[in-house]
Amino acid sequence: MGYTIAQKIIKNHLISGDMTVGSEIALKIDQTLTQDATGTMAYLEFETMGLKRVKTEKSVAYIDHNTLQSGFENADDHRYIQSVAKKHGIYFSRPGNGICHQVHLERFGKPGKTLIGSDSHTPTGGGIGMLAMGAGGLDVAVAMGGGAYYITMPKMYKVNLKGKLRPFVSAKDISLEILRILSVKGGVGAIIEWGGEGIKTLSVPERATITNMGTELGCTTSIFPSDEITREFLKSQGRENDFVELKSDDDAVYDKVIEINLDTLVPLIACPHSPDNVVEVASLKGTKVDQVCIGSCTNSSLLDMLKVAALLKGKTIKPSVSLSVSPGSKQVLSMLSDCGALSDILASGARLLECACGPCIGMGFSPNSAGVSLRTFNRNFEGRSGTADAGVYLVSPETAVAAALTGEITDPRLLGEMPEIKMPKVFKIDDTAVLNPEREETAEKVDILRGPNIKPFPTSKKVLDSLNAEVSLKVGDNITTDHIMPAGAKILPYRSNIPHLSQFCFGVCDKSFPERAKELGESIVVGGINYGQGSSREHAALVPMYLGVRAVITKSFARIHVANLINAGIIPLTFKNADDYDKINEGDKLSLNNIYDGMDKGIIVLKNETNGEEIELVCNFTDRQKSILKAGGLLAYTKEN
Ligand code: MIC
Ligand code: SF4
C-alpha cells in the first residue's frame with residue numbers, strides 16, 4: 001500500500017509510535033515558529049526548562065499580533081522575546097515585518113519539513129508541502145529544546161479539485177466550500193491532502209489560503225504536493241535550493257475523498273458567528289455593509305493585494321463604508337508600493353494598516369455597534385472583532401472589494417471584467433527585519449530583558465486519585481478558545497500575566513465565571529461538541545487552571561485544546577453517552593473516584609451527588625499523557641524526566 005504525502009513526511013520524522021490511525025506518534029520537528037501573543041509564554045516555558053540553545057533547524061519568533069502598543073506591556077514583551085531569541089538561537093522577525101504565516105511561507109518554509117507553531121494557522125505552510133501544525137506554546141517550547149511533538153496519528157482525507165476557477169471566484173471560496181461540506185468539526189482527527197487536476201491552476205499563495213483556513217475544519221493540518229508551482233514560488237523568493245518534489249503514491253489510501261468542481265464554484269460567504277455558516281454571496285444581495293477589512297494570514301499575499309488594487313483602481317469606496325487593507329508582509333507592502341498598486345488602493349479611500357494581524361484579532365478597527373463587517377479573514381467568532389453585537393462575515397478579497405464599492409453585499413461577478421493580474425517572476429528580497437541570533441560562543445553575555453508585565457508562571461496541581469468539585473460552568477457546542485479566553489486590544493497585552501487575564505475568562509459566555517470559580521477553589525467545567533476549537537492559545541487552559549478548574553467534561557474536544565489541557569494538568573474527559581450531558585447542571589456537586597484505575601481502564605465513573613446520577617466518562621490517555629496528568633502538567637513532567 002502506498003503513502004499519502006503526509007504519511008511520507010510522518011514516516012521520515014517518526015521518533016516513536018506506529019502509524020496506525022488513532023495511536024500516539026512522536027515526531028521530530030525541524031522548524032518552529034512563535035508569535036508574540038503566545039510567544040512570551042512559550043519562551044518563559046523554554047527558559048524554565050533550563051536549555052541554552054534551540055535544537056531545531058530553524059526557529060523564528062515573530063511579532064505580529066500585539067503591535068498596538070497602547071501601554072508599556074506589549075513593547076516590554078517584544079523586548080523580552082527579542083532578547084530571549086538572541087540568546088537562545090532563534091531568529092527574530094521584527095514588528096512590521098509581517099504576519100508570521102505569510103513571512104514564514106515566503107522566507108523560511110521548506111517542502112517535506114515538519115513545522116510546529118504556537119498559532120493555529122501554522123498549517124499555512126502546507127501550501128508548499130510542509131507538514132505544518134498548530135500547537136500550544138509549551139509543546140513548541142519542548143520542540144525548540146529538541147523534544148518530540150506528540151500527536152494522534154490522523155486519518156487521511158483527500159480533496160480532489162476539478163476544473164478551473166472562474167473570474168471573481170477565488171481560493172477563499174474553495175476554503176468556504178470545504179467548510180460548507182465538512183463543518184468546523186468535520187476535519188477533526190484528519191489531515192487533508194489537496195489534489196486533482198485543479199490544483200495545477202492554483203499558485204502557492206492560493207494554496208496557502210486553503211491550507212490556512214483548513215484550521216477552521218478542526219483538522220490536524222492540510223497539505224498540497226510540492227510540484228513545479230512550488231518550485232517557481234521558491235525560485236521567485238530566491239530559494240530554489242529549498243525545493244524538493246513531493247507527491248502521494250498512486251495507490252495511497254484515503255479515509256474519505258471529496259470532489260470540488262472549480263468550474264461551477266460561485267462566490268461564497270460565511271455568516272456570523274461561525275466559519276462554516278456558509279451561503280452564496282448572491283443570496284445576501286443588498287445587505288448593508290459598514291466595514292470591510294482586507295488582510296490577515298488568509299488573504300494578504302501580493303496576489304491578493306494586486307487583485308484588490310486592480311479592482312479598486314480609479315474607483316472610490318462608498319462613504320458609508322470604512323475599508324482597511326493590511327498587507328501580509330513587508331515584502332508584499334514594499335512591492336505594492338514599488339509597482340504603484342498601493343496608490344490605487346489609497347486613492348480609493350482605503351485606510352492602510354500595518355503588516356500585522358490587526359483587526360483579525362480585535363487589535364483595533366472594531367466595527368461600529370451592531371455593524372456589518374465583511375472580512376477576508378478566517379474567523380468570525382462572536383465578539384472576536386471587539387464589538388460584541390457586530391455581525392462579521394468572511395469573504396474573498398473580490399467580494400470584499402465589491403462590498404466596499406457598493407456599500408452592500410454584492411456578488412463580485414457584477415463588477416464587470418476581472419483585470420488581468422501579472423505576478424512578478426522575482427520577489428523583492430530584504431530580510432533586514434529578521435535579526436540573527438547571537439553566536440553560541442558569545443550568547444552567555446546576552447541579558448534577558450524582563451518587564452513588569454511578566455508575572456510568574458502559575459503552577460499546576462497533580463491529578464489525584466479522586467476529585468470532588470462543583471460545576472462552575474456549563475456551556476454548549478462549538479465553544480471556541482475565544483469564548484474561553486478572549487483576545488482583543490484590551491486583553492491581549494496581558495498574555496504574560498495570567499492573574500490579570502483571569503478576570504476575562506469565559507467573558508463571552510458568563511462574566512461572573514471568574515469570581516465564582518475563585519470562590520469555589522476547585523471546580524469542573526462541562527461543555528458540548530468540539531469544545532476548544534479555534535486558536536491554539538494555551539491561555540485557554542492555563543487561565544482556567546489558575547482559577548482552579550481541575551477537569552473539563554465534554555461531548556468532544558478540539559485537538560490542540562485537549563493537548564493544552566493535559567499540558568496544564570487539567571483532566572479532559574468525554575461523555576460515553578452524549579445524552580448524559582443533560583444529567584449535569586451548573587452548580588451540581590460531582591465526585592470522581594478511583595481516577596488512576598479509571599485512566600488505566602479508559603473509563604471513569606462520575607457520581608453526580610446533587611441528583612444521584614452515575615455517568616461513565618471516557619479517558620483514553622496514553623501512558624505519557626497519564627504521567628503528565630499525574631505529574632501536574634507537561635512542565636512538571638519534563639522537569640521530572
Ligand atoms: C487567532 O487567530 O485566534 C490567533 C490569535 O492567531 C491565535 C493565537 C493566539 O491566541 O495568540 C491562534 O490562531 O492560535
Ligand atoms: Fe493573526 Fe488572524 Fe492569522 Fe490569527 S488568524 S495569525 S490573528 S491574522
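Each chain carries its own residue numbering, running from 1 in the direction its sequence is written. Each chain is given a letter, starting from A, and each ligand a number, starting from 1, according to the order in which they appear as written. Note on the predicted model: pLDDT of at least 70 is required for a residue's local features to be given, and 80 or more for side-chain atom pairs to be given and counted; whole-chain, interface and lining totals, by contrast, use all residues. Side-chain measures were taken over the full set of non-hydrogen atoms in the model, leaving aside hydrogen atoms and water.

1. With respect to the overall build of the protein
Next up, step 1: Each helix and strand counted, the protein has 20 helices and 27 strands in total.
Next up, step 2: Atoms counted for the radius of gyration: C-alpha only. Globule rule: 2.2 Å times the number of residues to the power 0.38. Taking 641 residues into account, the globule formula puts the C-alpha radius of gyration at 26 Å, and the protein, at 23 Å, falls close to it.
Next up, step 3: For the C-alpha atoms alone, the extent of the protein along its principal axes is close to 70 × 60 × 55 Å.
Next up, step 4: Across the protein, the fraction of contacts at a sequence separation of at least 24, relative to all contacts at a separation of at least 6, is 77%.
Next up, step 5: Approximately 22,700 Å² of the protein is accessible, and the part contributed by carbon and sulfur atoms is 49%.
Next up, step 6: Under the convention used here, Asp and Glu are negative, Lys and Arg are positive, and both His and the chain ends fall outside the count. Charge placement uses NZ in Lys and CZ in Arg. For Asp and Glu, CG and CD serve respectively. One finds the centroid of the 69 positive side-chain charges in the protein at a distance of 3 Å from the centroid of its 75 negative side-chain charges. Put simply, DSSP marks the helices as runs of H or I at least four residues long and the strands as runs of E at least two long, and each gets a number from the N terminus on. Whether two residues are in contact is decided by their heavy atoms, any of which lying within 4.5 Å being enough. Accessibility throughout is a Shrake-Rupley quantity obtained with a 1.4 Å probe, and a residue counts as covered only by protein chains that appear here.

2. Brief notes about the pairing of strand β24 (residues 571-575)
Next up, step 1: Classification of residues uses two cut-offs on accessible area relative to the type maximum, computed with a 1.4 Å probe and protein chains only: under 20% is buried, over 50% is exposed, and between them is partly exposed. Where burial is concerned, most of β24 is hidden: five out of the five residues are buried.
Next up, step 2: Every second residue of β24 is oriented toward a common face, with I571, L573 and F575 on one face and P572 and T574 on the other, all of them buried.
Next up, step 3: Between any two strands, pairing holds if DSSP finds at least two bridges. The sheet contact formed by strand β23 (residues 549-554) and β24 spans four bridges and is parallel. Bridge assignment links I553 to a residue of β24, and that residue is L573.
Next up, step 4: Handedness of a crossover is defined as follows: with both strands directed away from the viewer, a clockwise route from the first strand across the helix to the second makes it right-handed. The handedness of the β23 to β24 crossover, carried by helix α17 (residues 559-567), is right-handed.
Next up, step 5: Bridge count for β24 against strand β27 (residues 614-618) is two bridges, and the pairing is antiparallel. Looking at β27, one finds that T574 is bridged to V618.

3. Points about the site of ligand 1
Next up, step 1: For this purpose, a residue is taken to be near a molecule or strand whenever a single non-hydrogen atom of the residue falls within 4 Å of it. Ligand 1 sits among 14 residues. The nearest are D119, S120, R384, S536 and R537.
Next up, step 2: By the criterion applied in these results, polar contacts are pairs of N or O atoms within 3.5 Å in which, for protein atoms, one can donate a hydrogen and the other can accept it, and in which residues neighboring in sequence qualify only through two side-chain atoms. Between ligand 1 and R379, the relevant distance is 2.9 Å, taken from an oxygen atom to a side-chain nitrogen or oxygen of the residue.
Next up, step 3: Considered on its own, ligand 1 offers 330 Å² of accessible surface; in the complex 97% of this is hidden by protein.
Next up, step 4: When its residues are assigned to classes, the shell around ligand 1 shows two nonpolar, seven polar and five charged. Residue polarity is assigned by list, with Asp, Glu, Lys and Arg as charged and Ala, Val, Leu, Ile, Met, Phe, Trp, Tyr, Cys and Pro as nonpolar; anything else, Gly included, falls into the polar class.

4. Quick notes on the pairing of strand β9 (residues 155-162)
Next up, step 1: When β9 meets strand β10 (residues 190-195), the two strands line up parallel, connected through six bridges. Residue pairing for β10: Y157 is matched across the bridge by I192.
Next up, step 2: Handedness of the crossover is the feature at issue here: the chain leaves β9, passes through helix α6 (residues 171-182), returns alongside β10, and the resulting connection is right-handed.
Next up, step 3: Both β9 and strand β12 (residues 256-261) contribute to a ladder of six bridges, which runs parallel. The partner of Y157 across the bridge, within β12, is K256.

5. Let's talk about the site of ligand 2
Next up, step 1: The full set of residues close to ligand 2 is H65, H101, D119, H121, S296, C297, C357, C360, I361, N378 and R384.
Next up, step 2: Split by residue class, the shell around ligand 2 holds four nonpolar, five polar and two charged.

6. Brief notes about the packing of aromatic side chains
Note on aromatic pairs: each is described by the distance of the centres and the angle between the planes.
Next up, step 1: Under the pairing criterion, centres of Phe, Tyr and Trp rings, with the six-membered ring standing for Trp, must be within 6.5 Å; the plane angle then separates stacked pairs below 30 degrees from edge-to-face pairs above 60, leaving the rest tilted. According to the stated counting rule, one finds four aromatic pairs in the structure shown.
Next up, step 2: Plain terms: the ring middles of W194 and F224 are 6.0 Å apart, the flat faces sit at 10° to each other, and that makes the pair stacked. On the criterion of sequence distance, the pair formed by W194 in strand β10 and F224 in the loop between β11 (221-223) and α8 (228-236) is long-range, its members being 30 residues apart.
Next up, step 3: For W194, a relative accessible area of 1% corresponds to the buried category.

7. Some thoughts on the packing of helix α2 (residues 36-48) against helix α5 (residues 137-144)
Next up, step 1: Two numbers describe how α2 lies on α5: the axes approach to 8 Å, and their chain directions differ by 45°. Judged by the inter-axis angle, α2 sits oblique to α5. Once α2 is placed against α5, the crossing between them reads as right-handed. Listed contacts from α5 to A42, Y43, E45 and F46 of α2 are G137, L138, A141 and M144.
Next up, step 2: Here the contact of α2 with α5 is built from residues that sort into six nonpolar, one polar and one charged. Angles here are taken between N-to-C directions and fall from 0 to 180 degrees, while the axes themselves are lines fitted to C-alpha atoms, restricted in helices to the stretch in contact. The scheme is simple: roughly parallel for angles under 35 degrees, roughly antiparallel for over 145, roughly perpendicular for 65 to 115, oblique for anything else. Two helices that cross are described as forming a left-handed crossing if the nearer one is turned anticlockwise from the farther one by less than a right angle, and a right-handed crossing if clockwise.

8. Concerning the sheet that holds β24
Next up, step 1: Spatial ordering of the closed barrel is given by β21-β22-β23-β24-β27-β26-β25, a layout of seven strands whose pairing is mixed. Across the sheet, the mean angle separating the axes of adjacent strands is 40° when strand polarity is ignored.
Next up, step 2: Summarising the sheet, strand β25 (residues 589-592) and strand β26 (residues 603-608) pair through three bridges and their orientation is antiparallel. Pairing of L590 across the sheet is with N608, part of β26.

9. Points about the pattern of salt bridges
Between side chains of opposite charge, a pair can form as their charged atoms come close.
Next up, step 1: Just to be clear on terms, a salt bridge is a Lys or Arg side-chain nitrogen sitting within 4 Å of an Asp or Glu carboxyl oxygen. Counted under the stated rule, the structure contains 38 salt bridges.
Next up, step 2: Among the ionic pairs, E259 bridges to K162, the shortest N-O distance being 3.8 Å. Residue E259 is located in strand β12, and its partner K162 is located in strand β9; the two are separated by 97 residues in the primary sequence.
Next up, step 3: Take K162: its relative accessible area is 40%, and that puts it in the partly exposed class.
Next up, step 4: One salt bridge connects E522 with R550, and the closest N-O pair in it is separated by 2.8 Å. You can see E522 sitting in the loop between α15 (513-520) and β22 (523-526) and its partner R550 sitting in strand β23, a full 28 residues away along the chain.
Next up, step 5: Accessibility expressed as a relative area gives 26% for E522, which makes it partly exposed.

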